[in-house]
Protein chains: 2
Amino acid sequence: MRIYLAGPDVFLPDAIEVGRRKAEVCARYGFTGLYPLDNTIDLAATVTSLQIFRANEAMMDQADAIIANLTPFRGPGADPGTTYELGYMAARGKLCLGYSNDAALYADRVRRFTGVKQHHEHLLDAEGMTVENFGLADNLMMIHGLELHGCALVRPRQAIADLWHDLTAFESCVRIAAGRLASAPASG
Amino acid sequence: MRIYLAGPDVFLPDAIEVGRRKAEVCARYGFTGLYPLDNTIDLAATVTSLQIFRANEAMMDQADAIIANLTPFRGPGADPGTTYELGYMAARGKLCLGYSNDAALYADRVRRFTGVKQHHEHLLDAEGMTVENFGLADNLMMIHGLELHGCALVRPRQAIADLWHDLTAFESCVRIAAGRLASAPASG
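Residues numbered from 1 in each chain as written. Chains lettered and ligands numbered in written order. Predicted model: local features only at pLDDT ≥ 70, side-chain atom pairs only at ≥ 80, totals over all residues. Heavy atoms only, no water.

### As for the overall build of chain A
Moving on, step 1. Of the regular secondary structure elements, chain A holds 6 helices and 6 strands.
Moving on, step 2. For chain A, the N- to C-terminal ordering of α and β elements is β-α-β-α-β-α-β-α-β-β-α-α.
Moving on, step 3. Relative to the 2.2 N^0.38 estimate, which gives 16 Å for 188 residues, the radius of gyration of chain A is 17 Å and therefore close to what a compact globule would have.
Moving on, step 4. Dimensions of chain A, computed from the C-alpha atoms along their principal axes, are close to 55 × 45 × 30 Å.
Moving on, step 5. Split into buried and exposed, the 188 residues of chain A put 57% on the buried side.
Moving on, step 6. Relative to all contacts within chain A whose residues are 6 or more apart in sequence, the contacts with residues 24 or more apart total 72%. (Helix = DSSP H or I, 4+ residues; strand = E, 2+ residues; numbered from the N terminus. Rg over C-alpha atoms; globule rule 2.2 N^0.38 Å. Buried < 20%, exposed > 50% of the residue type's maximum accessible area, 1.4 Å probe, protein only. Contact = heavy atoms within 4.5 Å.)

### Details of the side chain of aspartate 9 of chain B
Moving on, step 1. Positionally, aspartate 9 of chain B belongs in the loop between strand S1 (2-6) and helix H1 (15-28).
Moving on, step 2. Discounting chain neighbours no more than four positions away, the residues touching aspartate 9 of chain B are Ala15, Val18, Lys22, Tyr35, Asn69 and Tyr99 of chain B.

### Comments concerning the interface of chain B and chain A
Moving on, step 1. With 54 residues of chain B in contact, the opposing surface of chain A contributes 54 residues.
Moving on, step 2. Carbon and sulfur atoms make up 65% of the surface buried where chain B meets chain A, a total of about 4,300 Å² over both sides.
Moving on, step 3. It is Arg74, Tyr84 and Met141 of chain B in chain B that bury the most area against chain A; as a group they hold 20% of the surface buried on that side.
Moving on, step 4. The interface formed by chain B and chain A includes 2 salt bridges.
Moving on, step 5. In this structure, aspartate 125 of chain A and arginine 74 of chain B form a salt bridge, with 2.8 Å as the shortest nitrogen-oxygen distance.
Moving on, step 6. Counting across the interface, chain B meets chain A through 23 residue pairs in polar contact (both at pLDDT 80 or more).
Moving on, step 7. Of all the elements in the fold, those that place two or more residues in the side of chain B that touches chain A are helix H2 (49-62), helix H3 (80-91), helix H4 (106-113) and helix H5 (140-149) of chain B.
Moving on, step 8. It is H3 of chain B that contributes the most residues to the side of chain B that touches chain A, 10 residues altogether. (Buried area = accessible area lost by both parts, 1.4 Å probe. Salt bridge = Lys/Arg side-chain N within 4 Å of Asp/Glu carboxyl O. Polar contact = N/O pair within 3.5 Å; in protein donor to acceptor, adjacent residues only side chain to side chain.)

### A look at the packing of helix H2 (residues 49-62) of chain A against helix H3 (residues 80-91) of chain A
Residue and element names in this part refer to chain A.
Moving on, step 1. It is at 11 Å that the axes of H2 and H3 come closest, and there the two elements cross at 40°. Classified by the interaxial angle, the pair formed by H2 and H3 is oblique. Taken as a pair, H2 and H3 cross one another with a handedness that is right-handed. Only Tyr84, Glu85, Tyr88 and Met89 of H3 make contact with H2, whose side of the interface consists of Phe53, Asn56, Glu57, Met60 and Asp61.
Moving on, step 2. Its residues placed into classes, the contact of H2 with H3 shows 5 nonpolar, 1 polar and 3 charged. (Axes fitted to C-alpha atoms, helices over the stretch in contact; angles between N-to-C directions. Parallel < 35°, antiparallel > 145°, perpendicular 65-115°, else oblique. Left-handed = near helix turned anticlockwise from the far one by under 90°. Nonpolar A, V, L, I, M, F, W, Y, C, P; charged D, E, K, R; others polar.)

### Here's the deal with the sheet that holds strand S2 (residues 32-34) of chain B
All names here are of chain B.
Moving on, step 1. If you trace the 4 strands from one edge of the open sheet to the other, you get S2-S1-S3-S4, paired in parallel fashion. Two strands in the sheet have a free side with no partner beyond their single neighbour: S2 and strand S4 (95-99). Neighbour-to-neighbour, the strand axes of the sheet open up by a mean angle of 25°, direction not taken into account.
Moving on, step 2. As judged from the 3 bridges shared by S1 and S2, these two strands associate in the parallel manner. Directly across from isoleucine 3, in S2, lies its bridge partner glycine 33.
Moving on, step 3. H2 contacts S1 and S2 of the sheet and is inclined by roughly 140° relative to S1.
Moving on, step 4. Running over the sheet, helix H6 (residues 168-183) touches S1, strand S3 (65-69) and S4 and is turned about 155° from S4. (Pairing = 2+ DSSP bridges.)

### Quick notes on the relation of the copies chain B and chain A
Moving on, step 1. Rotating chain B by 180° about the axis while translating it 0.0 Å along that axis superimposes it on chain A, leaving an RMSD of 0.0 Å. Such a combination of rotation and displacement between the chain copies is what one expects of a two-fold axis.
Moving on, step 2. Most of the interface of chain B is mirrored in chain A, where 100% of its interface residues again form contacts. (Least-squares fit on C-alpha atoms with pLDDT ≥ 70 in both.)

### Some points on the confidence of the model for chain A
Moving on, step 1. For chain A, mean pLDDT is 93; residues scoring 70 or higher make up 94% of the total.
Moving on, step 2. In the predicted complex, the global pTM is 0.95; the interface-specific ipTM is 0.95. (pLDDT = per-residue confidence, 0-100.)

### Notes on the nonpolar core
Moving on, step 1. One finds Leu86 of chain A together with Leu86 of chain B to be the most contacted residues of the largest nonpolar core, which totals 54 residues.
Moving on, step 2. Leave out the neighbours within four places in its chain, and leucine 86 of chain B touches Tyr84 of chain A together with Ile66, Ala68, Leu70, Cys96, Met142 and Leu146 of chain B. (Core = buried A, V, L, I, M, F, W, Y, C linked by side-chain atoms within 4.5 Å.)

### Brief notes about the pairing of S3 of chain B
Residues and elements named next belong to chain B.
Moving on, step 1. With respect to burial, S3 is a largely interior element, 5 of its 5 residues being buried.
Moving on, step 2. Here S3 shows no split at all, with Ala65, Ile67 and Asn69 on one side and Ile66 and Ala68 on the other all buried.
Moving on, step 3. Two strands pair when backbone bridges link them, and S1 and S3 are joined in this way by 4 bridges, in the parallel orientation. Each bridged residue has a counterpart across the sheet, and for isoleucine 3 the counterpart in S3 is alanine 65.
Moving on, step 4. Remark: the S3/H3/S4 crossover connection has right-handed handedness. (Right-handed = clockwise from strand over helix to strand, strands pointing away.)

What follows is the structure in structure tokens.
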């Protein structure tokens, strides 16, 4: 099984090393991890954004599953590029898995991020826009998309020191994928 | 043609009115606008997040196209729930259209949002993570996803006074959809 490794990890200073570690975890469970940076065939050459897009989409089309890193990125919610990919894989019927290394609920994160105020039955952010307050870790589309197209979001039980390098929740996703494969009826 | 009207508009204080105005624009071009809030069948009853998800996904499955509002939301990029939906519709082969009412480029928005610094050939944010610097309005997955699965992101030529109520760019998307339909070979 090939697993597409989605997430803002590609923007880390040690993005290549993080991808290598994720692929190693996958290999331990008998999977092939497909990491977007593996697409940058020739880092010396000028790679256009369109080439990266085409390569990422081709990787998603080759993959049987996605593990999306939904750890909040530049705001209270997940990276929008990563959630685009999660929606893409859900619609293609691929096995959808995801994790966040942030233990907080979405509404509490918005509270810290912009401040919130209660207005009748609604929670509003600083701009006066309604804050989703269902006790979920992020926007309901991703949370329930994972549940219905794969497996519930994996979250840490306690605060994690290094949000971007701790692979415990990531490995839980890989283990869940391995369990799904073991319990799936044999095909072919 | 039925168009799914995606965007953080559903979080506005006047979300229902905005949806009504968007549906009116669609009707003027002969389309049916499907707006997520139309799903909250009984606002008095307790609607669970899972019911909202299922209703939104069913609406997307019924729709022939999506117009995604990618105006930045609670951060420098688009709403992650909306981009999930855009990826979903792209993978289903639906016509993908989108707009942003913010004229700025992504890198400039991160500059205002967290500050950035130049490090060799890379632009880094305050956390030291690489900032996409391709001269695009947002993450390349959405920008090129729109180009390859529909039409390029519609952006304003100049700053817009009311980011959340100006429907000029939205109407441009509807007009583009109408043009696509007019030029498509007749079927059925």
